[in-house]
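What follows is each chain in one-letter form.
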Amino acid sequence: MTGEEIKKRLEENNKKIEEILKTDTFTLNYDIVNLMAINDELRDACPHEYNSNGICIYCLTEKNKGE
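A few points on the structure. (Residues numbered from 1 in each chain as written. Predicted model: local features only at pLDDT ≥ 70, side-chain atom pairs only at ≥ 80, totals over all residues. Heavy atoms only, no water.)

### Brief notes about the pattern of salt bridges
Part 1: Considering all chains together, one arrives at one salt bridge under this definition.
Part 2: In this structure, the salt-bridge partner of D40 is R43, at a minimum N-O distance of 3.8 Å. Taken together, the residues D40 and R43, both in helix α2 (residues 30-45) and three residues apart, mark about one turn of the helix. (Salt bridge = Lys/Arg side-chain N within 4 Å of Asp/Glu carboxyl O. Helix = DSSP H or I, 4+ residues; strand = E, 2+ residues; numbered from the N terminus.)

Encoded structure:
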């Protein structure tokens, strides 16, 4: 996947999580756990391009100090 594709998927997953949380405010349900796991996999696959603040422009992961 390209960085842009990863960014789009992360945004879609985060919107789904927000929608679920509107109805299940205090419940971490299976759908959220699954979406969060997918987000972790997407971040691992991301080609990471960091902005001047050290944040990836695609997945919003913070740059490690060693990079």
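Still more ground to cover, so stick around.
### Side note on a negative patch on the surface
Part 1: Together, E4, E11, E12 and E49 give the surface a local cluster of negative charge.
Part 2: Turning to its location among the elements, E11 is positioned in helix α1 (residues 3-23). (Patch = residues over 30% accessible without salt bridge, like charges linked within 9 Å, V, L, I, M, F, W, Y side chains within 5 Å. Areas by Shrake-Rupley, 256 points an atom, 1.4 Å probe, with all protein chains shown as cover. Lys, Arg positive; Asp, Glu negative; His and termini not counted. Charge placed at Lys NZ, Arg CZ, Asp CG, Glu CD.)

### A look at the environment of N29
Part 1: Counting through the fold element by element, N29 comes out in the loop between α1 and α2.
Part 2: By relative accessible area, which is 16% here, N29 ends up buried. (Buried < 20%, exposed > 50% of the residue type's maximum accessible area, 1.4 Å probe, protein only.)

### Brief notes about the environment of E62
Part 1: Position of E62 among the secondary structure elements: in the segment after α2.
Part 2: C-alpha separation for the pair E62 and Y50, spaced twelve residues apart in sequence, amounts to 8.1 Å.
Part 3: Those residues in contact with E62 that lie beyond four places of it in its chain are Y50, G54 and I55. (Contact = heavy atoms within 4.5 Å.)

### As for unusual backbone geometry
Part 1: Phi is positive for H48, which is not a glycine, with a value near 40°.
Part 2: Looking at where H48 falls in the secondary structure, it is placed in the segment after α2.
Part 3: What makes H48 partly exposed here is its relative accessible area of 25%.
Part 4: Phi is positive for L60, close to 65°, though the residue is something other than glycine.
Part 5: Examined against the element boundaries, L60 turns out to sit in the segment after α2.

### Observations regarding the environment of N34
Part 1: By secondary structure assignment, the location of N34 is in helix α2.
Part 2: Along the primary structure N34 and I17 are separated by 17 residues, whereas in three dimensions their C-alpha atoms are 9.9 Å apart.

Any functional reading would require information beyond the geometric quantities listed.
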